[in-house]
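Take a look at the letters that make up each chain.
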Number of protein chains: 2
Amino acid sequence: MAANRRPTLADVAREVGVSAKTVSRVLNEDGPVSAQTRKHVLAAVAKLGFQPNLMARNIRVGGPDTTIGLVIPDLANPFFGAVARAIEDTVRERGLTLLMGSSADDPDRERALTDKFLARRVSILFVVPSVGADHSHLKSHRTAGLPVIFLDRPGAGLATDSIVSSNRAGAHDGVAHLIAHGHRRIGFVGDLPLKLYTRRERLAGYRSALQEADIPYDRSIVINAHDQQGAEAATSRLLDLADPPTALFAGNNIVALGIVAELARSKRKHVAVVAFDDVSLAEALEPALTVVAQDPEEIGRTAATTALSRLDGDRSRARTITVPTRLIVRGSGEQPAPGTRGA
Amino acid sequence: MAANRRPTLADVAREVGVSAKTVSRVLNEDGPVSAQTRKHVLAAVAKLGFQPNLMARNIRVGGPDTTIGLVIPDLANPFFGAVARAIEDTVRERGLTLLMGSSADDPDRERALTDKFLARRVSILFVVPSVGADHSHLKSHRTAGLPVIFLDRPGAGLATDSIVSSNRAGAHDGVAHLIAHGHRRIGFVGDLPLKLYTRRERLAGYRSALQEADIPYDRSIVINAHDQQGAEAATSRLLDLADPPTALFAGNNIVALGIVAELARSKRKHVAVVAFDDVSLAEALEPALTVVAQDPEEIGRTAATTALSRLDGDRSRARTITVPTRLIVRGSGEQPAPGTRGA
DNA sequence: ATGAAAGCGCTAACAA
DNA sequence: TTGTTAGCGCTTTCAT
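Residues numbered from 1 in each chain as written. Chains lettered and ligands numbered in written order. Predicted model: local features only at pLDDT ≥ 70, side-chain atom pairs only at ≥ 80, totals over all residues. Heavy atoms only, no water.

## Digging into the overall build of chain A
Across its full length, chain A holds twelve helices and twelve strands. Here chain A has a C-alpha radius of gyration of 26 Å; the compact-globule value for 343 residues is 20 Å, and the former is much larger. A buried classification covers 53% of the 343 residues belonging to chain A. Put simply, of all contacts in chain A between residues at least 6 apart along the chain, 67% involve residues at least 24 apart. (Helix = DSSP H or I, 4+ residues; strand = E, 2+ residues; numbered from the N terminus. Rg over C-alpha atoms; globule rule 2.2 N^0.38 Å. Buried < 20%, exposed > 50% of the residue type's maximum accessible area, 1.4 Å probe, protein only. Contact = heavy atoms within 4.5 Å.)

## Some remarks on the side chain of A:Glu88
If you trace the backbone, A:Glu88 turns up in helix 5 (residues 78–92). In this structure, A:Glu88 is buried with no salt-bridge partner, the nearest side chain bearing the opposite charge being B:Arg109 at 4.3 Å. (Lys, Arg positive; Asp, Glu negative; His and termini not counted. Salt bridge = Lys/Arg side-chain N within 4 Å of Asp/Glu carboxyl O.)

## Here's the deal with the sheet that holds strand 10 (residues 290–293) of chain A
All names here are of chain A. Read across the sheet, six strands follow the order 7-6-8-9-10-12 without closing on themselves; strand pairing throughout is mixed. Taken across any chain shown, the strands that pair with only one partner, and hence form the sheet edges, are strand 7 (222–224) and strand 12 (326–328). Mean inter-strand twist for the sheet, computed between neighbouring axes without regard to direction, equals 20°. With three bridges connecting them, strand 10 and strand 12 associate as antiparallel partners. Following the sheet pairing, Val-292 is matched in strand 12 by Leu-327. In the packing of helix 11 (residues 253–265) onto the sheet, the strands contacted are strand 6 (186–190), strand 8 (247–250) and strand 9 (272–276), and the crossing angle to strand 8 comes to about 150°. (Pairing = 2+ DSSP bridges. Axes fitted to C-alpha atoms, helices over the stretch in contact; angles between N-to-C directions.)

## What to know about the relation of the copies chain A and chain B
Note on the chain copies: they are related by a rotation about an axis and a translation along it. Between the two copies, chain A and chain B, the superposition gives an RMSD of 0.1 Å; the rotation angle is 180° and the shift along the axis is 0.0 Å. Put plainly, the chains are arranged around a two-fold axis. Within chain A, A:Leu99 has its C-alpha nearest the rotation axis, a separation of 2.3 Å. Comparing interface residues between copies, 100% of those in chain A also sit at the interface in chain B, which points to an isologous, same-surface contact. (Least-squares fit on C-alpha atoms with pLDDT ≥ 70 in both.)

## Focus on the UniProt feature "domain: HTH lacI-type" (unreviewed entry) in chain A
Residues given the UniProt feature "domain: HTH lacI-type" (unreviewed entry) here are residues 7–61 of chain A. Secondary structure across residues 7–61 of chain A comprises 71% helix and 0% strand; the distance between its end C-alpha atoms is 21 Å. (UniProt positions renumbered as here; feature names shortened; annotations may be inferred.)

## Focus: the protein's contact with DNA strand C
The immediate surroundings of DNA strand C are formed by 26 residues, with A:Leu9, B:Thr22, B:Arg25, B:Pro32 and B:Arg60 found nearest. Taking all atoms of DNA strand C within 4 Å of the protein, the share assigned to sugar and phosphate is 59%. Between DNA strand C and A:Leu9 there is a distance of 2.3 Å, counted from a phosphate oxygen to a backbone nitrogen or oxygen. Contact between DNA strand C and A:Asn28: a phosphate oxygen at 2.8 Å from a side-chain N or O atom of the residue. (Near = heavy atom within 4 Å. Polar contact = N/O pair within 3.5 Å; in protein donor to acceptor, adjacent residues only side chain to side chain.)

## Points about the interface of chain A and chain B
Across the contact, 57 residues belong to chain A and 57 residues belong to chain B. Buried surface at the junction of chain A and chain B, summed over both partners, amounts to about 5300 Å²; 55% is from carbon and sulfur atoms. The interface formed by chain A and chain B includes six salt bridges. Across the salt bridge formed by A:Arg120 and B:Asp65, the nearest N and O atoms sit 2.7 Å from each other. Taken together, chain A and chain B are joined by 26 residue pairs in polar contact (both at pLDDT 80 or more). Secondary-structure elements contributing two or more residues to the side of chain A that touches chain B are helix 4 (54–61), helix 5, strand 2 (97–102), helix 6 (107–119), helix 7 (139–143) and helix 11 of chain A. (Buried area = accessible area lost by both parts, 1.4 Å probe.)

## A look at the pairing of strand 2 (residues 97–102) of chain B
Looking along a regular strand, one sees the side chains alternate between the two faces of the sheet. Here strand 2 of chain B lies mainly inside the structure; six of its six residues are buried. Burial along strand 2 of chain B is two-sided: B:Thr97, B:Leu99 and B:Gly101 facing one way and B:Leu98, B:Met100 and B:Ser102 facing the other are all buried. Bridge count between strand 2 of chain A and strand 2 of chain B: three bridges; the pairing is antiparallel. Across the sheet, the residue bridging to A:Met100 is B:Leu98, located in strand 2 of chain B.

## A few points about the protein's contact with DNA strand D
Near DNA strand D there are 25 residues, and of these A:Thr22, A:Pro32, A:Arg60, B:Leu9 and B:Lys21 occur at the shortest range. Near the protein, within 4 Å, the atoms of DNA strand D are sugar or phosphate in 58% of cases. Note that a phosphate oxygen of DNA strand D is positioned 2.9 Å from one of the side-chain N or O atoms of B:Arg57. Here the element with the most residues in the surface near DNA strand D is helix 4 (residues 54–61) of chain B; it accounts for five residues. Classifying every residue of the surface near DNA strand D gives ten nonpolar, nine polar and six charged. (Nonpolar A, V, L, I, M, F, W, Y, C, P; charged D, E, K, R; others polar.)

## Thoughts on the layout of surface pockets
Reported here for the second largest pocket is a volume of approximately 1200 Å³. Lining the second largest pocket are 42 residues; nearest its centre among them are A:Pro52, A:Asn53, A:Leu54, A:Ala56 and B:Arg121. Taken together, the elements giving at least two residues each to the lining of the second largest pocket come down to helix 1 (9–16), helix 2 (20–28) and helix 4 of chain A together with helix 4 and helix 12 (296–311) of chain B. In terms of residue count, the dominant contributor to the lining of the second largest pocket is helix 4 of chain A (seven residues). When grouped by side-chain class, the residues that make up the lining of the second largest pocket number 19 nonpolar, 13 polar and ten charged. (1 Å grid on protein atoms, 1.4 Å probe; cavity = no way out; pocket = protein on both sides within 12 Å on 5 of 7 lines; lining within 4 Å. Points joined across faces, edges and corners; volume = space filled by probe spheres on them.)

## Considerations on the side chain of A:Asp11
Looking at where A:Asp11 falls in the secondary structure, it is placed in helix 1. Those residues within four positions of A:Asp11 in sequence are excluded, and the remaining contacts are A:Arg5, A:Arg6 and A:Leu48.

## Some remarks on the pairing of strand 1 (residues 67–72) of chain B
Residue and element names in this part refer to chain B. Burial of strand 1 is extensive: six of the six residues sit out of reach of the surface. Taking every second residue as pointing to the same face, both faces of strand 1 are buried, with Thr-67, Gly-69 and Val-71 on one and Ile-68, Leu-70 and Ile-72 on the other. Pairing geometry for strand 1 and strand 2, over six bridges, is parallel. For Ile-68, the partnering residue across the bridge sits in strand 2 and is Leu-98. Handedness of the β-α-β unit built from strand 1, helix 5 (residues 78–92) and strand 2 comes out right-handed. With four bridges joining them, strand 1 and strand 3 (residues 124–127) adopt parallel strand pairing. When the bridges of strand 3 are listed, Ile-68 appears paired with Ile-124. (Right-handed = clockwise from strand over helix to strand, strands pointing away.)

## What to know about the environment of A:Gly331
All names here are of chain A. With respect to the secondary-structure elements, Gly-331 resides in the segment after strand 12. Expressed as a C-alpha distance, the spacing of Gly-331 and Ala-261, which sit 70 residues apart in the sequence, is 17 Å. Those residues within four positions of Gly-331 in sequence are excluded, and the remaining contacts are Pro-287, Ala-288 and Thr-290.

## Thoughts on unusual backbone geometry
Of all residues except glycine, most have a negative phi; of all peptide bonds, most are trans. All names here are of chain A. Following Leu-192, the chain continues to Pro-193 via a peptide bond in cis, the omega torsion being 0°. With respect to the element layout, Pro-193 can be found in the loop between strand 6 and helix 9 (197–212). Within the chain, Ala-104 stands out as a residue other than glycine whose phi angle is a positive 55°. Within the element layout of this structure, Ala-104 appears in the loop between strand 2 and helix 6. Located in the positive-phi region is Arg-121, a residue other than glycine, with phi close to 60°.

## A short note on the pattern of salt bridges
All names here are of chain B. All told, the structure shown has 46 salt bridges over all chains when counted by the stated rule. The partner of Arg-5 in a salt bridge is Asp-11, and the shortest N-O contact between them spans 3.3 Å. A residue is classified by how much of its surface remains accessible, and Arg-5, at 60% relative accessible area, is exposed. The partner of Arg-265 in a salt bridge is Glu-232, with the nearest N and O atoms 3.0 Å apart. With Arg-265 in helix 11 (residues 253–265) and Glu-232 in helix 10 (residues 228–239), this residue pair connects regions lying 33 residues apart in the sequence. Of the residues examined, Glu-232 reaches a relative accessible area of 12% and is grouped as buried.

Structure below.
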């Protein structure tokens, strides 16, 4: 029951009566080893329950560790979960293991995580950059060959690869869809903070769609929320305005949940809605929720393949890869605007 | 631009003109250091951009690394995402970092992940055990002091702490709710594989509720699905039976999505539904979805605190902690059974 | 208050 | 085919 020291290479070597290096050779299929000793070594490994210390190995071999670091805002957000899964699936065949952490969109927490990951000599660093975070401290690592990839948003202070959704075009298309169905008073419920890249881009898309239709931009129906509860409250406030919007555009998946929940509770199903980012059960709602779907799998996959090609020596210029969004029309965008024939 | 060697403790020492040990002392707030040298060392650290190699440190210090290993079936499943976040939040203050991987419920992948984590000398191992996986290989690690915690399901071949939901009682309550509203023909759509612990427990709860109401168990309306599409198809098949169920019990969150989607598509809103595990937008559906909610945050938190107390020397017997579920009545369970006054 | 030497577990580079 | 030596970057131990 004692907390016995775990067996080392030397223990195995002693057990078999060979040198440590021979055991090492067997385990790593390094140099030549006779079938005999090989068998004995493996037997001893099994007997002692030896497991090589990967950290010790790594220290000696030098170079990056076979881990990748992944910093996302929230492990429980399905969008980032899907991105993470796609990354893992892509790097797994290279034997890389995921080191993960949630930043909660806090620059300090993000920095603490990246520092830890760097101290562990990760092979790749994937970061969803928090608003206000500066990444210039990663510059030396990048020039030293560490692939650094920004996900979902570009990072500040460092020129490196970024994988983002087509936020502006996607939002534009979603809002244009509402306009096409007769809406001229379209509320925008965005996420927070205001400086968040995705929020700004999506708001820009919203504005450009309005502009194309000669609809003036009205700040009083642009509102923000940080979580589902906030979005519910925001929705309620918007609809209680003297001149309420007849349609709403949701700036992200969490906001969409809030809007839909609030409309359902207050029985205001007549309000048209389009959401940025798909949510589960969207098609089961009444009306079914029309969304500008992101492609988290593609984002993760692209991020991973980009990083791996960097790891393989690709020194070309930093790229920003935009992963297309897709308007999925399900009905909620077609709730007729008052005084319209429903289109 | 060259891939320069990263600075080491020795580099910093040389820069300052002190010994490596002195630098080490400063960085770890170990022995006494004069304010002078301390300042110089920190300056040099900043100047060189030195970051201590955590692996080298760990190798020398011995003992477990400041990482925890977490094996879950699917990073993108919001239930496991929520569990993971709660674990991370709890262990973060101890300075522990998350090493994560998806097993896809495949015993081989699970084993590969745990082996990797063990080779990295994780401080704690959290595993959602796959069906068919044997965990006796973890025995020696556990007796050597490594906390091993099973999540969501008990593991096989190893007596250690498990944190599970009150699956049986929860399912019983959900089904009893349907029975209370007049249903006697209640379909069970469970997940796969059939041997999955949660499926068996929830099915047992279903059966006990039926039994209490003297409703015979009818295998023909117990059906299984692995993913949302499968659940949709299964639902369709159930409802196309000559004597279809008037109510459905969903065995997990994914199955619930399938059932709800299929009922919405086929316009069979009259079918009553209760789902095990909450899903987002449940309250926005029509009717709103009644669920037996799990508490993933509490599961994660409990798992983490249990593990930490083990780490702190708690050698008491292995416990199985059951986290209560909660029936959240929202309406879908009250769709009247035909020939009933709606209760 | 600081340093020198040894060593953590492993492998690179050489020898035999 | 196998072993020996040295050393990865750090900390421990013991000196000074």
